[in-house]
Amino acid sequence: MATFEHGSVKIEVDEDGFMAEPENWNQDVALALASTEGVGAMTESHWKVANYLRDYYKQFGIAPMIRKLCKETGFSLKEIYDLYPSGPAKGACKVAGLPKPTGCV
Amino acid sequence: MADKLPPTPKLDELEKGPWPSFVSEIKMAAKSSLASQDLLGLLERSYNEKIGHWKHGGIVGVLGYGGGVIGRYCDLPAEFPNVSHFHTVRVNQPAGWYYKTDALRKICDIWEKRGSGLTNMHGSTGDIILLGTRTDELEPIFAELTAIGFDLGGSGSDVRTPSCCLGKSRCEWACYDTMALTHDLTQSFQDELHRPAFPYKFKFKMSGCPNDCVASVARADISIIGTWRDNIRVNQDAVLEYTKNGLNIQKEVIAFCPGKCMEWDGKQLDIDNSTCRRCMHCINVMPKALRPGKDTGATVLIGSKAPIIEGALLSSVLIPFWKPVAPYTDLKDLMGRIWEIWCEEGKNRERIGEFIQRMGMGNFLETIGVEPIPEMVAHPRENPYVFYEEYLVEDDEEEGQDKN
Ligand code: SF4
Ligand code: SF4
């Protein structure tokens, strides 16, 4: 485990930078994590993806399959990569405060 | 640095005997690489304790790609700091694995500077495997690789780097241009290769003839194997020449012909091409006398895999004879239909072969719009397998039993 600090945010993360305690997630944390994943600014579209992942995770305890993410948010895979250049698994899930996905997204 | 090699009595055992040894290779790299030194120490420790010290599943990568790098961390970072990160980078190999030494040198230069210096040429998918680097080196590595004309390969649930035998570039048996097809598919499926969105991995392997030098029939989701549909070309004089030089045609050729379609009367070799299985055996034994026909193309097969989550599968025939003609639109459209249904209905980590087993070949073919035909059956001459609609209910029941 390591500590990640950005502005006023201070959280525990694993070696890949995913949150160790997803329950501590909030919008400031999302903004801080976004800065590590090549996301310039969190637009409405970014939040739409992050919030969807967050809700799905809360409900099912895992990340959704990519195809489902695209369908439900209405973004193509390319658009997801435009929003989160490191991809849905590494980028979007991290910003949404999910623990490291294991093989799904 | 050489004198700082950790003591490795157990690993040293693996250097004995006449075989090449990965231990010797790592020791060689350890002369100039701290990561390789720590790797030796860590591995010796694993051998002593009988447990692996690599943690499972890291997620690292480069911007824009969802695959190509496999994250790896060791669980003893304090003791082995130089392998605390030991990520693997997959690099898309050129079709047929042709390099100029110059290109190989450049790759090795990058890897000595930014990684452990250890490589694996090549992985079972076909990629160049660069073993062991740190997260903060990934973007520079990617930038330097692309600057010398290389790209990352596939990893995770995506199209894996397509690979092929060297085909027409060197081999007289090649029935189609494997390298051209591989290059084209790689270019066409860049999105699918770099941005994982499938239920699981998907491999293409191209072999120029039924000798199948890249073993595509055993380990590719789509195997494209060269074949011909006219007659084997026979040079009777050359056949005689072989017998004069001591070849026992009856014993070494005819007895092994799976189609039982050859006859030899001491002067003339007759082949009943209508029952020939295109297995290459006779051609391999008498390459100067026999050649594949002139009307060449490929058989497209689907569904093989090595045993990982479920058991091993061999491919089954999807298209008995296909003429590979650039830009191969017919094949790509078919792939689109296959991915559509597999992505929609496939379970997480279910290979296409397993998916077809679960769904039933009949249903699968119907969904992708391919007519069932006798060539799709492994042993059409021995197995009275029938695809008529009215028998489908019975077929389904039988298949259900088979799975147990
Ligand atoms: S698979 Fe056939 S064409 Fe390809 S290298 Fe082997 S023998 Fe030659
Ligand atoms: S290719 Fe195989 S099946 Fe055909 S004639 Fe030769 S040995 Fe027999």
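The paragraphs below set out a description of the structure included in this document.

About the thresholds
Residues numbered from 1 in each chain as written. Chains lettered and ligands numbered in written order. Predicted model: local features only at pLDDT ≥ 70, side-chain atom pairs only at ≥ 80, totals over all residues. Near = placed C-beta within 6 Å. Nonpolar A, V, L, I, M, F, W, Y, C, P; charged D, E, K, R; others polar. Helix = DSSP H or I, 4+ residues; strand = E, 2+ residues; numbered from the N terminus. Pairing = 2+ DSSP bridges. Core = buried A, V, L, I, M, F, W, Y, C linked by C-beta atoms within 7 Å. Buried ≥ 20, exposed ≤ 12 C-beta atoms within 10 Å, placed from the backbone. Domains from an automatic or database assignment. Contact = placed C-beta atoms within 7 Å.

### A short note on the site of ligand 2
At step 1: Of all residues adjacent to ligand 2, which total 13 residues, the nearest are B:Cys257, B:Gly259, B:Cys276, B:Cys279 and B:Cys282.
At step 2: Its residues assigned to classes, the shell around ligand 2 comprises 9 nonpolar, 2 polar and 2 charged.

### Quick word on the site of ligand 1
At step 1: Around ligand 1, the structure places B:Cys165, B:Leu166, B:Gly167, B:Cys171, B:Trp173, B:Ala174, B:Ser207, B:Gly208, B:Cys209, B:Asn211, B:Asp212 and B:Cys213.
At step 2: When the residues that make up the shell around ligand 1 are grouped by side-chain class, the tally is 7 nonpolar, 4 polar and 1 charged.

### Quick word on unusual backbone geometry
Leaving glycine out, the prevailing phi sign among residues is negative, and the prevailing peptide bond configuration is trans.
Residue and element names in this part refer to chain B.
At step 1: Residue His-122 follows Met-121 across a cis peptide bond; omega there is 0 degrees.
At step 2: Note that His-122 resides in the loop between β3 (115-121) and β4 (128-133).
At step 3: The residue after Ala-326, namely Pro-327, is reached through a cis peptide bond having omega 5 degrees.
At step 4: Along the chain, Pro-327 falls in the loop between β13 (316-322) and α12 (329-345).
At step 5: A positive phi angle, close to 50 degrees, is found at Ala-215, a residue other than glycine.

### Concerning the sheet that holds β4(B)
All names here are of chain B.
At step 1: Judged by pairing direction, the sheet is antiparallel, and its 4 strands sit side by side in the order β1-β2-β4-β3 without closing on themselves. Where the open sheet ends on each side, the last strands, each with one partner, are β1 (69-70) and β3.
At step 2: Direction of pairing for strand β2 (residues 88-91) relative to β4: antiparallel, over a ladder of 4 bridges. Bridge assignment links Thr-88 to a residue of β4, and that residue is Leu-131.

### Topic: the nonpolar core
Generally speaking, a soluble globular protein has its nonpolar side chains buried in company with each other.
At step 1: If you look at the biggest cluster of nonpolar residues, it comprises 56 residues, and the most contacted ones within it are A:Leu53, A:Ala92 and A:Val95.
At step 2: No other element matches helix α3 (residues 34-49) of chain B, which puts 5 residues into this core.
At step 3: Among the domains, domain 1 (2-49) and domain 2 (69-147) of chain B are the pair contributing at least three residues each to this core.
At step 4: Not counting the four nearest positions on each side in its chain, A:Val95 is found in contact with A:Ala30, A:Leu33, A:Ala34, A:Glu37, A:Val39, A:Ala50 and A:Tyr84.
At step 5: In terms of nonpolar packing, the next biggest core, distinct from the first, is built from 46 residues, B:Val159, B:Tyr200, B:Cys209 and B:Ala220 among them.

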